[in-house]
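# Notes for the structure review
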Amino acid sequence: MKDVKTLWSISKWETATWLVTFTSVVLFDVIYGLLIGVGFSIMTIIVQTQLARTAILGRLDQTDIFKRLDLYPQVHEVSRTKIIRFETFLYFANCVHFKRAVNRILAAAEKEKIEHVIIDCAAISFLDSMGAKVIAQIVAECRQRGLVVSITQCRGGIRKVLGVTGTLKDVGAEIFHLTIHDAVESFQSTRLAKEDKDDVAAAVDDANTNV
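Given the structure is predicted, the values throughout are model-derived calculations rather than measurements.

### Concerning the pattern of salt bridges
Following the criterion strictly, the structure yields nine salt bridges and no others. Note that Arg68 and Glu87 form a salt bridge whose closest N and O atoms lie 2.7 Å from each other. Here Arg68, found in strand β2 (residues 66-68), pairs with Glu87, found in the loop between β4 (81-86) and α4 (95-108); they are 19 residues apart in sequence, far enough to count as distant. When the shortest N-O distance is used, the salt bridge between Asp120 and Arg85 registers 2.6 Å.

Printed below as a string of structure tokens:
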């Protein structure tokens, strides 16, 4: 019982799987008990992906380190940028959950004057065609809101799925960046260049008006 209590404090899902398997073996047979345990384990994996957290990231001041806001109080959100990370694989069973979570985050941030959204894929180890489709939908909806979108830290297999499904072409390869820091720097430099161009255009208009 002591081991069960220790295991429960470490992982409730793992403990539940052990208890179900053990009880099934006792009540039925070894073969049937193990089969029930395997089935229950698969079910817990599906449930966990359904409950996966969509996290908001912030940056540790004066660094290129980005961590979850809810876990690290010393990090702060980047100005005008919302960094979103889905912390499990993205597939048909949870892609709608991810899309809804992104929409909730953006709706809650309407007063923050957000201009840039980063979808960080560092924690996504598996992606199917439905997940790729949802990524394309999120990018399209963000653009309809007038937001610039970046996608960061895609693993090779994830980028391959995005290419095969046509998502890479649909959203544009230019929005993909190796790191979150690269995406932030790219957006900020583009924004500064646009502001400088607007300032020059305004100065020219003022000069023409005064002539």
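From this point on, the discussion continues.
### Observations regarding the pairing of strand β5 (residues 116-120)
Among the five residues that make up β5, five are buried, leaving the element largely enclosed by the rest of the structure. By the alternation rule, side chains of β5 split into His116, Ile118 and Asp120 and Val117 and Ile119, which are all buried. Relative to β5, β4 runs parallel, the two sharing five bridges. From the neighbouring strand, Thr81 faces β5, where its bridge partner is His116. Chirality of the crossover, the property in question, places the unit of β4, α4 and β5 among those that are right-handed. Alignment of β5 against strand β6 (residues 148-152), held across five bridges, turns out to be parallel. Across the sheet, residue Asp120 finds its bridge partner in β6, namely Thr152.

### Some thoughts on the pairing of β6
For a regular strand, side-chain orientation follows a simple rule: the groups alternate between the two sheet faces. Among the five residues that make up β6, four are buried, leaving the element largely enclosed by the rest of the structure. In this region the chain leaves β5, passes through helix α5 (residues 129-144) and returns to the parallel neighbour β6; the handedness of that crossover is right-handed.

### Structural notes on the environment of Ile124
Summarising the element assignment, Ile124 is placed in the loop between β5 and α5. Between the alpha carbons of Ile124 and Glu87 there is a distance of 6.5 Å; along the sequence they are 37 residues apart. Apart from residues no more than four positions distant in its own chain, Ile124 is found in contact with Phe86, Thr88, Phe89, Leu90, Arg155 and Ile158.

### Digging into the packing of aromatic side chains
Inspection of every chain in the model, using the stated rule, returns four aromatic pairs. Where Phe86 meets Phe98, the ring centres are 4.7 Å apart and the plane angle is 40°; that geometry is what we call tilted. Remark: Phe98 occurs in helix α4 and Phe86 occurs in strand β4; sequence separation between them is 12 residues. Here the two residues Phe86 and Phe98 agree in accessibility, since each one is buried. Seen in terms of ring centroids, Tyr91 and Phe92 are 5.1 Å apart; in terms of plane orientation they differ by 80°. Their pairing is edge-to-face. Grouping aromatic residues by their ring pairs yields a cluster made of Phe89, Tyr91, Phe92 and Phe126. Over the face of the ring belonging to Phe176 we find Arg159, whose NZ or CZ atom lies 5.0 Å from the ring centre.

### What about α4?
For α4, with 14 residues, the first-to-last C-alpha span of 20 Å sits near the 20 Å given by 1.5 Å per residue. What α4 keeps buried is the set Cys95, Phe98, Lys99, Ala101, Val102, Ile105 and Leu106. Taken down its axis, α4 places every buried residue within 160° of arc, on the same side. Among the exposed residues of α4, those pointing more than 90 degrees away from its buried face are Arg100, Arg104 and Ala108. If you follow the buried residues of α4, they end up packed against β1 (54-60), β4, β5 and α5.

### A closer look at a nonpolar patch on the surface
Together, Trp18, Leu19, Phe22, Val26, Leu27, Phe28, Val30, Ile31, Tyr32, Leu34, Leu35 and Ile36 make up a nonpolar patch on the protein surface, roughly 1,300 Å² of accessible area in all. Top contributing element to the nonpolar patch by residue count: helix α3 (residues 30-50), with six residues. Tracing the sequence through the fold places Phe22 in helix α2 (residues 12-27).

### Focus on the side chain of Ser150
On the secondary structure map, Ser150 appears in strand β6. Contacts of Ser150, omitting those with residues within four sequence positions, involve His116, Val117, Ile118, Ile119, Ile175, His177 and Ala183.

About the cut-offs
Here the residue numbers are simple positions, counted from 1 along each chain's written sequence. Per-residue local features of the predicted model are confined to residues with pLDDT of at least 70, and side-chain atom pairs are confined, for both listing and counting, to 80 or more; whole-chain, interface and lining totals are unaffected and use all residues. By convention in this description, side-chain values take in all heavy atoms of the structure and omit both hydrogens and water. Here, a salt bridge means any side-chain nitrogen of Lys or Arg that lies within 4 Å of a carboxyl oxygen of Asp or Glu. Segments assigned H or I by DSSP are reported as helices when at least four residues long, segments assigned E as strands when at least two residues long, and all are numbered from the N terminus. Between buried and exposed lies partly exposed: a residue is buried under 20% and exposed over 50% of the maximum accessible area for its type, with that area taken using a 1.4 Å probe on protein chains only. One bridge is not enough; two strands pair if DSSP finds at least two bridges between them. Orient the strands so they point away from the viewer; a crossover is then right-handed if the path from the first strand over the helix to the second runs clockwise. What makes two residues a contact is simply this: any of their non-hydrogen atoms within 4.5 Å. Geometry of aromatic contacts follows a simple scheme: Phe, Tyr and Trp rings, the Trp one being its six-membered ring, pair when their centres are within 6.5 Å, and the pair is stacked under 30 degrees between planes, edge-to-face over 60, tilted otherwise. Only when the NZ atom of a Lys or the CZ atom of an Arg is both within 6 Å of the ring centre and within 35 degrees of the ring normal do we say a charge sits over the ring. Expected span of a helix, by definition, is 1.5 Å for each gap between consecutive residues, and there is one gap fewer than residues. To obtain the arc, one takes the directions from the helix axis to the C-beta atoms. Like charges within 9 Å and nonpolar side chains (Val, Leu, Ile, Met, Phe, Trp, Tyr) within 5 Å are joined into patches, using only residues over 30% in relative accessible area that form no salt bridge. Here the accessible surface of atoms and residues is derived via Shrake-Rupley with a 1.4 Å probe, and residues count as covered only by protein chains that are part of the display.

By themselves, these figures tell us nothing about what the structure is for.
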